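Spelled out from the first residue to the last, the chains are:
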Amino acid sequence: MFSYARTIALRQPLIGARSFSAVLTSVPAGPPDAIIGLTDAYNSSTAPHKVNVGVGAYRDDSGKPYVLPVVKEAEARVVEKGLNKEYAGIAGIAGFVDRSLEFAYGKSSDALKSSRVKGVQTLSGTGGLRVWGEFWKKFGGDGILLPDPSWGNHTPIFKNSGLDVGTYRYFDYKNSKLNIDGMLEDLSKASPTCVLLHACAHNPTGCDPDMGQWKAVSDVIKEAGHYTFFDCAYQGFASGDAEKDAASIRMFVDEGHDMALVQSYSKNFGLYGERVGCLSVVGSDVENAANIVSQLKICIRPNYSNPPVHGARIVEEVLSDAKLEQEFRDQCKDMSERIILMRSLLRSTLEGLGSTKSWDHITSQIGMFCFSGLSAEQVDRLKVEFDIFCTRDGRISMAGVTQSNVEHLAASIHEVTK
Ligand code: LMR
């Protein structure tokens, strides 16, 4: 039975403190976020030549945030419909989830047709990762393996979900390329666990396995008894072709893995602030997939209850209309092509300045980022001496590079790497 006295007792402040205000006045300042914090630092800078190549958010060639024309059109259609603002339900908008699954797994996917793939709408990729972390802790195991390196937010997300976070070798830091042998060896030796894989455009390295290497990863995961969890935040951005970028996911399904997938629509649709994502599972059968989704909903409800509707309606509108879908594919390709162009320009400008270092990896890496090889000290110099903001692991968001800032960026990189 509810006891008021017991509730009060549990709320006593920490031993030694006289009141809650004393407890809270001693709360220390937390550090700024390693990625999002850079945008605040960039915004506070008054330097006219400042450059933000920190956060992975697409900019047009004038350095401005970009709303895809197809998103504007779909949004106008959604508004025109005059829909109400009722709750979407814990699993979100069913039509959006259906289109999302087709987008990732392929419209002709047998697994999809057999209904053993089911999903829920999430608060973009991050929200889906967190829901999965909680679910895995409850029903899977105590740990998760991430590539080394991985997106800076992965570790806190899974630690906050109560998981032990381990890593497998992924990147050959010395030669700036994928360390496929190290990856396969670590995965084969690890006890069965959940293995997170970046489906395409690995963040931060921009290095993905080729299809032969993906097959080897699939085989090792099967042999070692791991569970596969794909994080897909860049479908369409890696190659400019959303179908091609989903090849790893589709191959794992064809190879018979029961697995999970989180999708983000922040980058490819440019819906950053709308928080649109999808978390899905490929179950052993229809009932298994439905059971897992019922448990995902139980993780979601006490967390944020249900997801926002607006952005998901936009994605649903685009992916439900062949004309809009084609426009989306073209516009996503345009974004990825601008990034590829900036890669060549940054590399050639560095070489033109007489840099004797090898910058091949700027053009060989794919997706939104260049894992430059700059040290934390060099990154600090870029910030302090040249007002260039990038993460301390040396990751440069190529989406923030433009024809007007590339000279300053290249000259500054050249200066700190001499
Ligand atoms: C990034 O890696 O910069 C993006 O995914 C944005 C973020 O939330 O960190």
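Throughout, residues of each chain are indexed from 1 in the direction in which the sequence is written. Side-chain atom pairs in this predicted model are given and counted only at pLDDT of 80 or more, local residue features only at pLDDT of at least 70, and totals for whole chains, interfaces and linings cover all residues. Water and hydrogen atoms were dropped before computing side-chain values, which therefore reflect all heavy atoms in the structure.

Residues and numbers for the UniProt feature "domain: Aminotransferase class I/classII large" (unreviewed entry) in the protein chain, please.
Under the UniProt annotation, the feature "domain: Aminotransferase class I/classII large" (unreviewed entry) is placed at residues 49-413. A run of H or I in DSSP becomes a helix once it reaches four residues, and a run of E becomes a strand once it reaches two; helices and strands are each numbered from the N terminus. Strand forms 16% of residues 49-413 and helix 46%; the C-alpha atoms that close the span are 14 Å apart. UniProt positions are given in the numbering used here, feature names are shortened, and annotations may be inferred rather than shown by experiment.

Could you give an account of the nonpolar core, naming the residues involved and the relevant values?
General note: in soluble globular proteins, nonpolar side chains tend to be found buried as a group. Grouped together as the largest cluster of nonpolar side chains are 90 residues, with contacts concentrated most on Tyr-105, Leu-197 and Val-217. How far each domain reaches was decided by an automatic or database domain assignment. Counting the residues that make up this core, at least three belong to each of domain 1 (34-65 + 336-416) and domain 2 (87-320). Ignoring sequence-local partners within four residues, the contact set of Tyr-105 consists of Leu-112, Val-117, Ile-249, Arg-250, Val-253, Met-259, Leu-261, Ser-280 and Val-282. What makes a nonpolar core is a set of buried Ala, Val, Leu, Ile, Met, Phe, Trp, Tyr and Cys residues whose side-chain atoms join them at distances within 4.5 Å. A simple rule labels every residue: compare its accessible area, found with a 1.4 Å probe on the protein chains alone, to the largest value its type can have, and call it buried under 20%, exposed over 50%, or partly exposed in between. Counting 26 residues, the second largest nonpolar core, distinct from the first, contains Leu-129, Val-262, Ala-289 and Cys-299. The contact rule is simple, with two residues in contact once any of their heavy atoms fall within 4.5 Å.

Give me unusual backbone geometry: which residues, what numbers.
Between Asp-148 and Pro-149 the backbone carries a cis peptide bond, its omega angle lying at 5 degrees. For Pro-149, the position within the fold is in the loop between strand E3 (143-148) and helix H8 (154-160). Omega for the peptide link from Asn-203 to Pro-204 comes to 20 degrees, which places this bond in the cis form. Its location among the elements puts Pro-204 in the loop between strand E7 (194-198) and helix H10 (211-224). The backbone of Ser-176 shows a phi angle near 50 degrees, a positive value even though the residue is not glycine. Inspection of the secondary structure puts Ser-176 in the loop between strand E5 (171-172) and strand E6 (177-178). A positive phi angle, near 60 degrees, is found at Asp-387, a position not held by glycine. Within the secondary structure, Asp-387 sits in the loop between helix H17 (376-386) and strand E12 (388-389). Take Asp-387: its relative accessible area is 17%, and that puts it in the buried class.

Which residues make up the pairing of strand E2 (residues 117-123), and what values do they have?
Side-chain positions along a regular strand alternate between the two faces of the sheet. Most of E2 is tucked away: five of the seven residues are buried. Direction of pairing for E2 relative to strand E10 (residues 276-282): antiparallel, over a ladder of seven bridges. Bridge pairing links Gly-119 to Ser-280 in E10. Pairing between two strands is assigned when DSSP locates at least 2 bridges connecting them.

With reference to specific residues and values, describe the domain arrangement of the protein chain.
The domain architecture assigned to the protein chain consists of domain 1 (34-65 + 336-416) and domain 2 (87-320). Its C-alpha centre places domain 1 at a distance of 28 Å from the equivalent point of domain 2. Contacts between domain 1 and domain 2 engage 16 residues on the former and 21 residues on the latter. Taken together, both faces of the contact between domain 1 and domain 2 bury some 1,400 Å²; the carbon and sulfur share is 64%. It is Ser-336, Ile-366 and Phe-371 in domain 1 that bury the most area against domain 2; as a group they hold 38% of the surface buried on that side. Any pair of N or O atoms that falls within 3.5 Å is considered a polar contact. Within protein, one atom must be able to donate a hydrogen and the other to accept it, and sequence-neighbouring residues count only if both atoms are side-chain atoms. On the surface where domain 1 and domain 2 come into contact, there are five residue pairs in polar contact (both at pLDDT 80 or more). Mapped by element, the contributors of at least two residues to the side of domain 1 that touches domain 2 are helix H15 (322-352) and strand E11 (369-371). Looking at which element gives the most residues to the side of domain 1 that touches domain 2, the answer is E11, with three residues. For the side of domain 1 that touches domain 2, the per-class residue count stands at nine nonpolar, five polar and two charged. As used here, buried area is the combined drop in accessible area, with a 1.4 Å probe, of two parts when they are placed together. Under the convention adopted here, Pro, Cys and the residues Ala, Val, Leu, Ile, Met, Phe, Trp and Tyr are nonpolar, Asp, Glu, Lys and Arg are charged, and Gly plus all remaining residues are polar.

Hey, could you go over helix H7 (residues 124-140) for me, with residue numbers and the actual values?
Every helix has an expected span of 1.5 Å times one less than the residues it contains. Taking 1.5 Å as the rise per residue, H7 with 17 residues should run 24 Å; its terminal C-alpha atoms sit 22 Å apart, in good agreement. Of all the residues in H7, the buried ones are Ser-124, Gly-125, Gly-127, Gly-128, Leu-129, Val-131, Trp-132, Gly-133, Phe-135 and Trp-136.

Just give me the short version of the sheet that holds strand E8 (residues 227-232), but keep the residues and values in it.
Taken in spatial order, the seven strands make up an open sheet running E2-E10-E9-E8-E7-E3-E4, and their pairing is mixed. Both edges of this open sheet fall to E2 and strand E4 (164-169), since each of them pairs with a single strand only. Strand-to-strand twist in this sheet, taken as the mean axis angle between neighbours without regard to direction, amounts to 25 degrees. Sheet analysis places E3 next to E4, joined by six bridges and oriented parallel. Residue pairing across strands places Ile-144 opposite Val-165, the latter belonging to E4. In this analysis, axes come from line fits to C-alpha atoms, helices being fitted only over the stretch in contact, and the angle between any two N-to-C directions falls in the range 0 to 180 degrees. Relative to the sheet, helix H9 (residues 180-189) contacts E3, E4 and E7, its axis offset from that of E4 by approximately 140 degrees. Here H10 sits on the sheet and contacts E7 and E8; the angle it forms with E7, its principal contact strand, is near 170 degrees.

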